[in-house]
Amino acid sequence: MSILVDADTRVICQGMTGRAGTHYSAAMIAYGTRVVGGVRPGRGGSRHLGLPVFDTVASAKADTGANASMVFVPPENAAAAMIEAIEAEMPLVVALTERVPLQDMIRVRDALKHGTTTLIGPNSQGVLAPGVCKIGVMATGGERSGHIGILSRSASLTSEVTAQVSAAGLGQSTTVGIGGDAIHGLSMRACFELFLADPETHGVVVVGEIGGIEEEELADFIADSRPDMPVVALIVGRHAPERRRMGHSGAFIEGARNDAAGKIRALENAGVIIAESPHLVGETMQRALLIEA
Amino acid sequence: MNLQEFQSKTLLARYGIDVPKGRLALSGDDAQAGARALGLERSAVKAQVPAGGRGRSKGVVLVSSPEEAGAAARRLLGETLVTEQTGPAGYLVRQVLVEEAVEADRSLYLAVLIDTARAEIAILAGPEGSEDIEDKLQSGQTRIERLTLAPGGALNETEALAQRLGLDARLHSSFARLLGQLRTAFMENDATLIELNPLAITTAGTFVALDAKIVIDDNALFRHPDLVALRDDREDDGVEIAAQSHQLNYVRMDGDIGVVVNGAGLGLATLDMIRAANGRPANFMDIRTTATSIDVAHGFALLLDNPAVRSILVNVHGGGMQPCDIIADGLGIAMRRTGKARPTIVRLAGNNAEYARFRFQNFGCKVIDCPDMWGAVTRAVDEASARGESR
């Protein structure tokens, strides 16, 4: 079984008629995802990729019974598109757009508080339940069906880690790219809880990176909840290039809790197994499962 | 995008926030004439660089006559200023701000910023302004008060904040007005940080921003062409700018292995692995999904032109819009165009990895093909050290 998506997931694409929207919608259809239509204001009533195009998310949802939306509109309109989907009570919204302004995302997060939507992203690679449903831009071919959940803040590393986990002989229940931006929807911790509640997920791989405090929040949760499945974490950015700093305020809010070493320490203290290097993720999980069994 | 102090102050003044009167100067004579024209005896001569920590690094000089202002400016201009926030290379001082020395009764710390963990805009305020506020805070010598802007940016409880800061009751209404002005400036310009430190309360009972730092969200610059025009990239790395114009994120580093990846996370992972293998990256180059093979070729040319680069490591996981063959074509075009080569270790996975190998052959590119990531990394490190002096 998978989290977030399943064989009944019916997807519309906001921005389907654009170049990237067309390319990835077609790839999703080829993968077997039930794409049921697209949204492009002003193009309602036309067809694209053999599917109906609607002016609004609400009309697309009413007409097609869609229960998920992929947002593939340019950054300047991405927040409005996400908010439109949230207001249309779309259960799942996966936002792929990169470079959405932060103040726009504050408005999106506020809309989420008043709605029922689960938002993945923005700047997400998408959600992939092997052989069942793909929403997003990830490379496929390296995935296989199985019992490992993968939850990743990094878009580019997600396909890599997925392929590695497969190469170690382990399939995935679902791979979720929660998005690399500082403000996004579903958090690391919330995504982890979904995996924890899924009876078909027997272990979780967490891919984190420097910045923010989500890894630390996840560590706190794991320390408290003591999940009965192995958790393997890869934290990248131990040797990231130095960034120039402007003022002092960032430090007041996040403190020193956002470098790679601090994240690794927090997760290790919570009982998470750290993959020492990016190429060791698959075998680390393999070993962890053997010890568990 | 970091605004410089004089740019920040010009912007804040448009929102009615008081700043000391001052003038930008490009030479000692300029500074002296400026101080005289403004009628300043005591003034501060401040190096204009886009980073904090200038006071502690002698980038701010207090003087008591226009002549002294001229002399101080002459000393600062042309110097490279290194502070705890600039990185080791520092910034060349090309301009100074000559500014009225304001008599302050006391000073505050005041900032508006995006608290990304809570997805909120927050106001932070401290009862004393100082450059070493971070240290003072850690050692418990001072404190920071916090106020969260309600959704939509509504400002509540300014009165309570003024009280917590111990502000005289007569100042409360002007403090609330200042917060409102700051909030508007923050939101209208897509700022991620506005920091006034120190914020003086003058003997006359007004608030004056003695220093101001503003950071604008790069992702929102499409809404602010006026701010983009303020960008002074003379101090930025020419190579980084060139890469930027070709859909490549590039950061210069000080090692000898050129690194090419697609995606920031994969890039960070690659740097970690190079360090783990005792190698040193010369750069971080991330090919964005929108890059064409010609863009990629320009990127490779930058590496081939860099004499410090002794080997090149290409670690790519091809996706939908950016399959491996585009990277192969880019490398092929760059090698053909420049006539230069380096030992190039290529690790390709994902979409069109096989086809990319065929493209390499077509271009006559000699590359070292490593199917696994760790093997590719160690090979790149070996190739670089074989060509370098002992380290």
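Values in this document were obtained by computation on a predicted structure and should not be read as measured data.

**A short note on the overall build of chain A**
Moving on, step 1. If you tally the helices and strands in chain A, you get 10 helices and 14 strands.
Moving on, step 2. What you see for chain A is a C-alpha radius of gyration of 19 Å, in line with the 19 Å of a compact globule of 293 residues.
Moving on, step 3. The principal-axis extent of the C-alpha atoms belonging to chain A is close to 55 × 50 × 30 Å.
Moving on, step 4. A buried classification covers 58% of the 293 residues belonging to chain A.
Moving on, step 5. The contacts of chain A with a sequence gap of at least 6 include a subset with a gap of at least 24, amounting to 75%.
Moving on, step 6. Surface accessibility of chain A: about 11,000 Å² in total, with carbon and sulfur atoms responsible for 49%.
Moving on, step 7. The distance from the centre of the 24 positive side-chain charges to the centre of the 32 negative ones in chain A is 5 Å.

**Structural notes on the layout of surface pockets**
Moving on, step 1. Roughly 500 Å³ of internal volume is contained in the second largest pocket.
Moving on, step 2. Elements represented by at least two residues in the lining of the second largest pocket include exactly strand E2 (43–47), strand E3 (60–63), strand E6 (96–100) and strand E10 (191–202) of chain B.

**Some details on helix H1 (residues 5–14) of chain B**
All names here are of chain B.
Moving on, step 1. Of all 10 residues in H1, seven are buried; the element is thus mostly enclosed.
Moving on, step 2. Turning to H1, its buried residues number three or more, namely Glu5, Phe6, Gln7, Ser8, Lys9, Leu11 and Leu12.
Moving on, step 3. Following H1 by one or two positions, glycine 16 has its phi on the positive side, about 85 degrees.

**Some details on the pattern of salt bridges**
Moving on, step 1. All told, the structure shown has 38 salt bridges over all chains when counted by the stated rule.
Moving on, step 2. Residues Glu160(A) and Arg347(B) are paired through a salt bridge, measuring 2.7 Å at the closest nitrogen-oxygen approach. With Glu160(A) in helix H5 (residues 156–167) and Arg347(B) in strand E17 (residues 344–350), the pair connects residues from two separate chains. In this pair, the class of Glu160(A) matches that of Arg347(B), namely buried.

**Describing empty space enclosed by the protein**
Residue and element names in this part refer to chain B.
Moving on, step 1. On inspection of all chains with the given rule, the structure shows one cavity of 30 Å³ or more.
Moving on, step 2. Taken as a whole, the largest cavity spans an internal volume of roughly 50 Å³.
Moving on, step 3. As for the largest cavity, its lining consists of 10 residues, and the residues nearest its centre are Glu5, Val49, Ala51, Arg54 and Lys213.
Moving on, step 4. Each residue belonging to the lining of the largest cavity can be placed in one class, and the counts come to five nonpolar, one polar and four charged.

**Here's the deal with the UniProt feature "domain: ATP-grasp" (unreviewed entry) in chain B**
Moving on, step 1. In the numbering adopted here, UniProt assigns the feature "domain: ATP-grasp" (unreviewed entry) to residues 9–229 of chain B.
Moving on, step 2. Along residues 9–229 of chain B the backbone is 28% helical and 29% strand, and the end-to-end C-alpha distance reaches 16 Å.

**Points about the UniProt feature "domain: CoA-binding" (unreviewed entry) in chain A**
Moving on, step 1. UniProt records the feature "domain: CoA-binding" (unreviewed entry) at residues 4–100 of chain A, using the numbering of this structure.
Moving on, step 2. Secondary structure content for residues 4–100 of chain A is 35% helix and 26% strand, and the end C-alpha separation is 23 Å.

**Focus on the pairing of strand E16 (residues 311–318) of chain B**
All names here are of chain B.
Moving on, step 1. Taking burial as the measure, the eight residues of E16 include eight buried ones, the bulk of the element.
Moving on, step 2. A two-sided burial pattern is seen for E16, the buried positions comprising Ser311, Leu313, Asn315 and His317 on one face and Ile312, Val314, Val316 and Gly318 on the other.
Moving on, step 3. Bridging between strand E14 (residues 257–261) and E16 involves five bridges; their strand directions are parallel. Considered in E16, the bridge of glycine 258 is made with isoleucine 312.

**Notes on the sheet that holds strand E7 (residues 118–120) of chain A**
Residues and elements named next belong to chain A.
Moving on, step 1. Strand order in the open sheet formed by seven strands is E3-E4-E2-E1-E5-E6-E7, and the pairing between neighbours is mixed. Strand pairing shows two members of the sheet lacking a second neighbour, strand E3 (47–48) and E7, which therefore form its edges.
Moving on, step 2. Of the strand pairs in this sheet, strand E1 (residues 10–14) and strand E5 (residues 68–71) are connected by four bridges, and their pairing is parallel. Along E5, the bridge assignment pairs glutamine 14 with valine 71.
Moving on, step 3. Where helix H1 (residues 19–31) meets the sheet, its contacts fall on E1, strand E2 (34–39), E3, strand E4 (51–54) and E5, and the angle it forms with E2 comes to roughly 160 degrees.

**What to know about the packing of H5(A) against helix H9 (residues 264–276) of chain B**
Moving on, step 1. Running from N to C, H5(A) and H9(B) cross one another at 65 degrees; their axes reach a closest spacing of 5 Å. Judged by the angle between their axes, H5(A) and H9(B) are roughly perpendicular. For the pair formed by H5(A) and H9(B), the contact residues are Ser156(A), Leu157(A) and Glu160(A) on the first element and Ala264(B), Gly265(B), Leu266(B) and Ala269(B) on the second.
Moving on, step 2. Residues of the contact of H5(A) with H9(B), tallied by class, amount to four nonpolar, two polar and one charged.

**Looking at the sheet that holds strand E18 (residues 368–369) of chain B**
Residue and element names in this part refer to chain B.
Moving on, step 1. In space, the six strands of this open sheet follow the order E13-E15-E14-E16-E17-E18, with mixed pairing throughout. Across the chains shown, the open sheet's two edge strands, defined by having one partner strand only, are strand E13 (248–252) and E18.
Moving on, step 2. Here two bridges tie E14 to strand E15 (residues 283–287), and the two strands are oriented parallel to one another. Along E15, the bridge assignment pairs valine 260 with methionine 285.

**Considering the environment of Tyr24(A)**
Moving on, step 1. Secondary-structure assignment places Tyr24(A) in helix H1.
Moving on, step 2. C-alpha separation for the pair Tyr24(A) and Val100(A), spaced 76 residues apart in sequence, amounts to 19 Å.
Moving on, step 3. For Tyr24(A), the residues in contact, after removing those within four places along its chain, are Phe72(A), Gly136(A), Val137(A), Gly320(B) and Met321(B).

**Structural notes on the packing of H9(B) against helix H13 (residues 373–387) of chain B**
Residues and elements named next belong to chain B.
Moving on, step 1. Direction vectors running N to C along H9 and H13 enclose 55 degrees, while the axes themselves pass 9 Å from each other. Considering their axes alone, H9 and H13 lie oblique with respect to each other. In this structure, H9 meets H13 at a crossing whose hand is right-handed. Of the residues in H13, those touching H9 at Leu266, Met273, Ile274 and Ala276 are Met373, Trp374, Val377 and Val381.
Moving on, step 2. Taken together, the residues of the contact of H9 with H13 break down into eight nonpolar, no polar and no charged.

Cut-off values and rules
Residues numbered from 1 in each chain as written. Chains lettered and ligands numbered in written order. Predicted model: local features only at pLDDT ≥ 70, side-chain atom pairs only at ≥ 80, totals over all residues. Heavy atoms only, no water. Helix = DSSP H or I, 4+ residues; strand = E, 2+ residues; numbered from the N terminus. Rg over C-alpha atoms; globule rule 2.2 N^0.38 Å. Buried < 20%, exposed > 50% of the residue type's maximum accessible area, 1.4 Å probe, protein only. Contact = heavy atoms within 4.5 Å. Areas by Shrake-Rupley, 256 points an atom, 1.4 Å probe, with all protein chains shown as cover. Lys, Arg positive; Asp, Glu negative; His and termini not counted. Charge placed at Lys NZ, Arg CZ, Asp CG, Glu CD. 1 Å grid on protein atoms, 1.4 Å probe; cavity = no way out; pocket = protein on both sides within 12 Å on 5 of 7 lines; lining within 4 Å. Points joined across faces, edges and corners; volume = space filled by probe spheres on them. Salt bridge = Lys/Arg side-chain N within 4 Å of Asp/Glu carboxyl O. Nonpolar A, V, L, I, M, F, W, Y, C, P; charged D, E, K, R; others polar. UniProt positions renumbered as here; feature names shortened; annotations may be inferred. Pairing = 2+ DSSP bridges. Axes fitted to C-alpha atoms, helices over the stretch in contact; angles between N-to-C directions. Parallel < 35°, antiparallel > 145°, perpendicular 65-115°, else oblique. Left-handed = near helix turned anticlockwise from the far one by under 90°.

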